[in-house]
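Here is what each chain is made of, one letter per residue.
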There are 2 protein chains.
Amino acid sequence: MLRSHTCGELRSSDINKQITLSGWVQTSRNLGGMTFIDLRDRYGITQLAFNLDWNKELSEQANKVGREFVLQITGTVIERQSKNKNNPTGDVEIKVESLKILNEAITPPFTIEDETDGGDELRMKYRYLDLRRTIVRKNLELRHRLAMEIRTYLDKQNFLEVETPVLIKSTPEGARDFVVPSRMNEGQFYALPQSPQTFKQLLMVSGFDRYYQIVKCFRDEDLRADRQPEFTQIDCEMSFVEQEDILQTFEGLVRHLFKTVKDIDIPTLPRMSYADAMKYYGNDKPDTRFEMKFVELNDIVKGKEFKVFNDAKLVVGICAKGAAEYSRKQLDELTEFVKRPQIGATGLVYARFNNDGTIKSSVDKFYTEEDLKKWTTIFNAQPGDLILILAGDEDKTRKALSELRLEMGTRLGLRDKNKFSCLWVVDFPLLEWNEGDPNLLASLAGRWHAKHHPFTSPKPEDIHLLKTNPGAIRANAYDIVINGVEIGGGSIRIFNKDLQSQMFEVLGFTKEEAQKQFGFLMNAFEFGAPPHGGIALGFDRLCSMFGGADSIRDFIAFPKNNSGRDVMIDSPSEISAEQLKELGIKL
Amino acid sequence: MLRSHTCGELRSSDINKQITLSGWVQTSRNLGGMTFIDLRDRYGITQLAFNLDWNKELSEQANKVGREFVLQITGTVIERQSKNKNNPTGDVEIKVESLKILNEAITPPFTIEDETDGGDELRMKYRYLDLRRTIVRKNLELRHRLAMEIRTYLDKQNFLEVETPVLIKSTPEGARDFVVPSRMNEGQFYALPQSPQTFKQLLMVSGFDRYYQIVKCFRDEDLRADRQPEFTQIDCEMSFVEQEDILQTFEGLVRHLFKTVKDIDIPTLPRMSYADAMKYYGNDKPDTRFEMKFVELNDIVKGKEFKVFNDAKLVVGICAKGAAEYSRKQLDELTEFVKRPQIGATGLVYARFNNDGTIKSSVDKFYTEEDLKKWTTIFNAQPGDLILILAGDEDKTRKALSELRLEMGTRLGLRDKNKFSCLWVVDFPLLEWNEGDPNLLASLAGRWHAKHHPFTSPKPEDIHLLKTNPGAIRANAYDIVINGVEIGGGSIRIFNKDLQSQMFEVLGFTKEEAQKQFGFLMNAFEFGAPPHGGIALGFDRLCSMFGGADSIRDFIAFPKNNSGRDVMIDSPSEISAEQLKELGIKL
């Protein structure tokens, strides 16, 4: 070992010990007679001291090393004159007796500090230097710790970790697959899994009872912000369970993680139906760190002179506590916010419930003080509150108001990253109509699409709607939501061949297509499949949530950019004609 | 939960409890008045009892369920009349009070028993049924346990688990890459990693200090027996270490696994140089469960009338203890064995050292009793031993004798699966000449090829041979070998840009090719790379070793066959014209 100790472990109790350290030069200060070098490794920083009087040659050598040089030194631990209480090793320093440069370093393109001067692009190109920054490394240490605790919990609950294959078969009913040409089976392709869904179900048919895997999955999407073509999933499945068992088990996991990793006690998770989530938050992943629930106003605002409200399918608003004093400028900002194309509202109506009890609205000419009083009542508003109202088509308006609600939550400081509000959203619809989703193959447009996936069980009491009103069928499906982020989702699965076959029919598969793509699973159901269900949690997202960050990118060691490129290794890239020929493909 | 207990947990202490069980029908016996069903789940088997006198209808229902039906029953735990000491639940049975068929089952294509009547092909097609067999499931439970213990050990040793990307860049200097066409970057390809080698080295440059990952790797080879296109590796890297530190750390891992998983104390691992392994065992992964070392005979057999020995570059033999009484037939079998094309010896010379002290050889007409006495002395043979000798070209003869030695080890019962002999083989050559390896691109033939990989450090004292005699350079590389199987290998890495660049030159890369494929790594070395090294252990192989099996296939949940096909899901398969078009590729 090129060291006797790490740079993070020496203390006063080590004084007078002969030690050897190895690490990187964080900073170097030449004070004339004395030179100090901060030597850094993963475990901490230790100060090295050189003195012309102790050893002239060594001091001169020390003055020549630059930032990020890799050194090995031996010396004696001594007490430090001016102690640094902010550094665990700050009571001591090393009187260096020999120094070896293990490797030199050219000047890094950005500073290796928590606050760096490197922009995103530069940081990604030199990701190996970016990862040297303590703040980034800590994110990955957190990820390591979470993975360990997940496994500990699931192992104790009798889950077996089983690796499922990465080279599988293309089943393009979900998002697009990444495919892999087979050299040994020319003209044929493997696909990379979007999830190990069918394999984990087969493991249940096999009697594995409880399965888990922390596993890479792949989706060839037009990348939205903060999506990665490869991502990591905590994938789980259980047999002989009902929805309640799964909610209990994974609520247990989440609470275990908060307790062991962040020492936070999370209360029992509330349950909210999908219908309520949409009604009160306009969102199937509501941020419940704050209330500000939607209030529908159709009944009390219609029938006056205000055409916008009269023509709207839905008039709906929120009450922002204590925001009545918002200035004209702030209100204009909010109006601009909701009118942005990605939000798409046509305008914003407000009513200030002033501290003096008066009410001032942007639609005063259409509504009397009496009318507005009714508004404050239905919103349960207090003097000092601000009512914000949108109107228009049902779905679009809810979506826009959800964005406005989140914006107001942020502006009012209600979205504290160190506060965690978890809940289950349940009773999702089984299907949704695909108008032409750019992340699906064009040939799938104009069909029903499985909201969760085609293996999700409809609620038994809704099965009769399969042929008559598929859109109304509710699924035994659930999402776990933390702070407005969908951390995971799952469902109770179909375990009967006939029902699975009907499901594929509703999704527009011919019998032949269904058999060709999923015959192995439907056949397996004939040999005694147990009732089963499961869940998958987004591990990248969970890590960033625990790390208090918005982006997943800094919780992935080597992420890709928004074009799916790894700019560090410059991938994807061309391959040789020889390779193409062997694979039997042409460009 | 559809059960109150599993089928493996009820004991005498549970008698009189009301319970609910769910599981599969293992067997059903109708004895007239009584019917017994063995109900199976992952945890065990519990006997269910039905009696016409207790409940006629229920008994009749029980008589109708078939093998592998999925049942849920409720009943009372009662004492069993004839206890089954071979089953942990064998003291009790369930007096069933209600029975629900959760799912029916058609007759499986083979019996779900430890000894099955299903052939390999059928088992793979219905792998989900094969996995129901306790013996196969136990293999995967062992795999789970090993993975947990590996992580526990490495976590305690401060290793950080870091996930490296799966979509990387093609660098076809090793085996062939699997590639993935990029839709968003048309004409370009990702590659699947043959190992996370460059990424783990970058993590060392980043100061991660100790990295590990249990990770899928991919190699597009013409599959030999018991190789899989995707396989799992325990991948590790450490900074500020020398070879000795790595050997100690991973010797520790292997001993920890044997102790915790099999309760076996493994002694300190001996070290053997590659040169000695070849000299004494003709093999760089010697099976050291037994001795039977090679003895070279050139000095004492040449110069007589026996042309075969006189013309041979090498005459070398082994002494099989206690095999002097081998019959003519047995000796003929051995001769046939070494003459098989894949072994390729031209003949076998033997000398029996009979119990009466006489020596009888197959070359008596060329060698006197006196000559043969010398043989027995050099082999340190005792009366009752059999000397077996091969002659010919140096490499081929050693290889053939290695096969014969293993065959004799097997025949003499010296290769007990429950005995484990571990060792390190060290000082491998850095390079080997590629005559035209079918697992490499044809364009790489007639070049030096890195024996371990191009990042392996030559021994400092041998570096001067890089330009003059590359084949003689020894590497700081090591393999861990258990019972004649290479379980893992690693090396101390190059961490200097110039040396890495020279290495690529020796391997026949132009400066441009090296920069294009590995520029990111060589550039990283300029920013302060620490001395580092690592190892990768084959996890599939390790599991099969611990499970006492020869094949890795039953330690992988869903393996592929020798043509790289998953016959269960029928993959690889064709993809649609729409998919091909989007990817911009043609067949």
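Residues numbered from 1 in each chain as written. Chains lettered and ligands numbered in written order. Predicted model: local features only at pLDDT ≥ 70, side-chain atom pairs only at ≥ 80, totals over all residues. Heavy atoms only, no water.

J.: Outline the pairing of strand β20 (residues 477-482) of chain B, listing residues and values.
T.: Residue and element names in this part refer to chain B. Within β20, six of the six residues are buried, which leaves the element mostly enclosed by the surrounding structure. On β20, burial covers both faces: A477, D479 and V481 on one face and Y478, I480 and I482 on the other are all buried. Bridging between strand β17 (residues 422-426) and β20 involves five bridges; their strand directions are antiparallel. Each bridged residue has a counterpart across the sheet, and for W424 the counterpart in β20 is I480. By the bridge criterion, six bridges tie β20 to strand β21 (residues 485-492) in an arrangement that is antiparallel. When the sheet's bridge partners are listed, V481 is paired in β21 with E486. (Buried < 20%, exposed > 50% of the residue type's maximum accessible area, 1.4 Å probe, protein only. Helix = DSSP H or I, 4+ residues; strand = E, 2+ residues; numbered from the N terminus. Pairing = 2+ DSSP bridges.)

J.: Run through the sheet that holds strand β16 (residues 386-392) of chain A, naming residues and quoting values.
T.: Residues and elements named next belong to chain A. The antiparallel open sheet is built from five strands, whose spatial order is β12-β13-β16-β14-β15. The two strands at the open ends of the sheet, each matched to only one other strand, are β12 (295-296) and β15 (359-361). Strand direction decides the pairing type here: strand β14 (residues 349-353) and β16, joined by four bridges, are antiparallel. Its bridge partner being in β16, V349 is matched across the sheet by I389.

J.: Can you explain helix α4 (residues 134-156) of chain A? Please cite residues and give values.
T.: Between its first and last C-alpha atoms α4(A) spans 33 Å; for 23 residues at 1.5 Å apiece the expected length is 33 Å, and the two agree. Buried residues dominate α4(A), accounting for 17 of its 23 residues. (Expected span 1.5 Å × (residues − 1).)

J.: Please give an account of the pairing of β16(A) that cites residues and values.
T.: Residue and element names in this part refer to chain A. The element β16 is largely enclosed, with a buried count of seven among its seven residues. Residues L386, L388, L390 and G392 of β16 are buried on one face, and the alternating residues I387, I389 and A391, pointing to the opposite face, are buried as well. Note: strand β13 (residues 314-320) against β16, seven bridges, orientation antiparallel. Looking at the pairing, C319 lines up with I387 of β16.

J.: Describe empty space enclosed by the protein, naming the residues involved and giving the relevant values.
T.: The probe, sized like a water molecule, is rolled over the atoms to show the empty space still left. Scanning the model with the defined rule gives 14 cavities of 30 Å³ or more in all. When its volume is computed, the largest cavity comes out at roughly 470 Å³. A:I214, A:V215, A:K216, B:I214 and B:V215 are the residues nearest the centre of the largest cavity, which is lined by 31 residues in total. (1 Å grid on protein atoms, 1.4 Å probe; cavity = no way out; pocket = protein on both sides within 12 Å on 5 of 7 lines; lining within 4 Å. Points joined across faces, edges and corners; volume = space filled by probe spheres on them.)

J.: Now, about the environment of A:N30: what can you tell me, with residues and values included?
T.: Residue and element names in this part refer to chain A. Along the chain, the position of N30 falls in strand β1 (residues 18-30). Here the side chain of N30 touches G32 through a polar contact of 2.9 Å, landing on its backbone nitrogen. Within the structure, N30 has its side chain in polar contact with the side chain of N63 (distance 3.5 Å). (Polar contact = N/O pair within 3.5 Å; in protein donor to acceptor, adjacent residues only side chain to side chain.)

J.: Give me the pattern of salt bridges: which residues, what numbers.
T.: Residues and elements named next belong to chain A. Tallying each qualifying case throughout the model produces 109 salt bridges over all chains. With a closest N to O distance of 2.8 Å, D540 and R143 form a salt bridge. You can see D540 sitting in helix α15 (residues 539-546) and its partner R143 sitting in helix α4, a full 397 residues away along the chain. Across the pair, R143 and D540 agree in class, each one buried. (Salt bridge = Lys/Arg side-chain N within 4 Å of Asp/Glu carboxyl O.)

J.: Now, about the sheet that holds strand β9 (residues 210-218) of chain A: what can you tell me, with residues and values included?
T.: All names here are of chain A. Strand order across the open sheet formed by eight strands is β6-β9-β10-β22-β21-β20-β17-β11, with mixed pairing between neighbours. A single partner strand is all that each edge strand has here, and the edge strands are β6 (160-161) and β11 (271-273). The strands touched by helix α7 (residues 274-281) within the sheet are β11 and β17 (422-426), with β11 carrying the most contacts at an inclination of about 80°. (Contact = heavy atoms within 4.5 Å. Axes fitted to C-alpha atoms, helices over the stretch in contact; angles between N-to-C directions.)

J.: Break down the packing of aromatic side chains for me, with residues and values.
T.: Tallied over the entire structure, the rule returns 46 aromatic pairs over all chains. Residues A:F199 and B:F558 carry aromatic rings whose centres are separated by 5.0 Å and whose planes lie at 65° to one another, so their mutual orientation is edge-to-face. One end of the pair, A:F199, is in helix α5 (residues 197-205); the other, B:F558, is in the loop between α15 (539-546) and α16 (577-583), on a second chain. Taken together, the ring pairs in this structure connect A:F306, A:F309, A:F366, A:Y367 and A:W375 into an aromatic cluster. A cation sits over an aromatic face here: A:K95 above A:W54, 4.9 Å from the ring centre. The ring of A:F290 carries A:R405 above its face, with NZ or CZ at 4.0 Å from the centroid. (Phe/Tyr/Trp six-rings, centres within 6.5 Å; stacked < 30°, edge-to-face > 60°. Lys NZ or Arg CZ within 6 Å of the ring centre and 35° of its normal.)

J.: So, the environment of A:F337: which residues are in play, and what are the values?
T.: With respect to the secondary-structure elements, A:F337 resides in helix α10 (residues 328-339). As a C-alpha pair, A:F337 and A:L348 span 11 residues in sequence and 9.5 Å in three-dimensional space.

J.: Outline the relation of the copies chain A and chain B, supporting the account with residue identities and numerical values.
T.: Overlaying chain A with chain B gives an RMSD of 0.1 Å, the required rotation being 180° about an axis along which the chain moves by 0.0 Å. Here the transformation between the copies is reduced to the relation of a two-fold axis. Comparing interface residues between copies, 100% of those in chain A also sit at the interface in chain B, which points to an isologous, same-surface contact. (Least-squares fit on C-alpha atoms with pLDDT ≥ 70 in both.)

J.: Give a detailed account of the packing of α4(A) against helix α6 (residues 243-262) of chain A, specifying residues and quantitative values.
T.: All names here are of chain A. Contact pair α4 / α6: the axes reach a minimum separation of 10 Å and the direction vectors enclose 135°. The angle between the axes of α4 and α6 places the two elements in the oblique class. By crossing handedness, the relation of α4 to α6 is classed as right-handed. Each of L142, R145, L146, E149, I150, Y153 and L154 in α4 lies in contact with α6, whose residues at this interface are T249, F250, G252, L253, H256, L257, T260 and V261. Taken together, the residues of the contact of α4 with α6 sort by class into nine nonpolar, four polar and two charged. (Parallel < 35°, antiparallel > 145°, perpendicular 65-115°, else oblique. Left-handed = near helix turned anticlockwise from the far one by under 90°. Nonpolar A, V, L, I, M, F, W, Y, C, P; charged D, E, K, R; others polar.)

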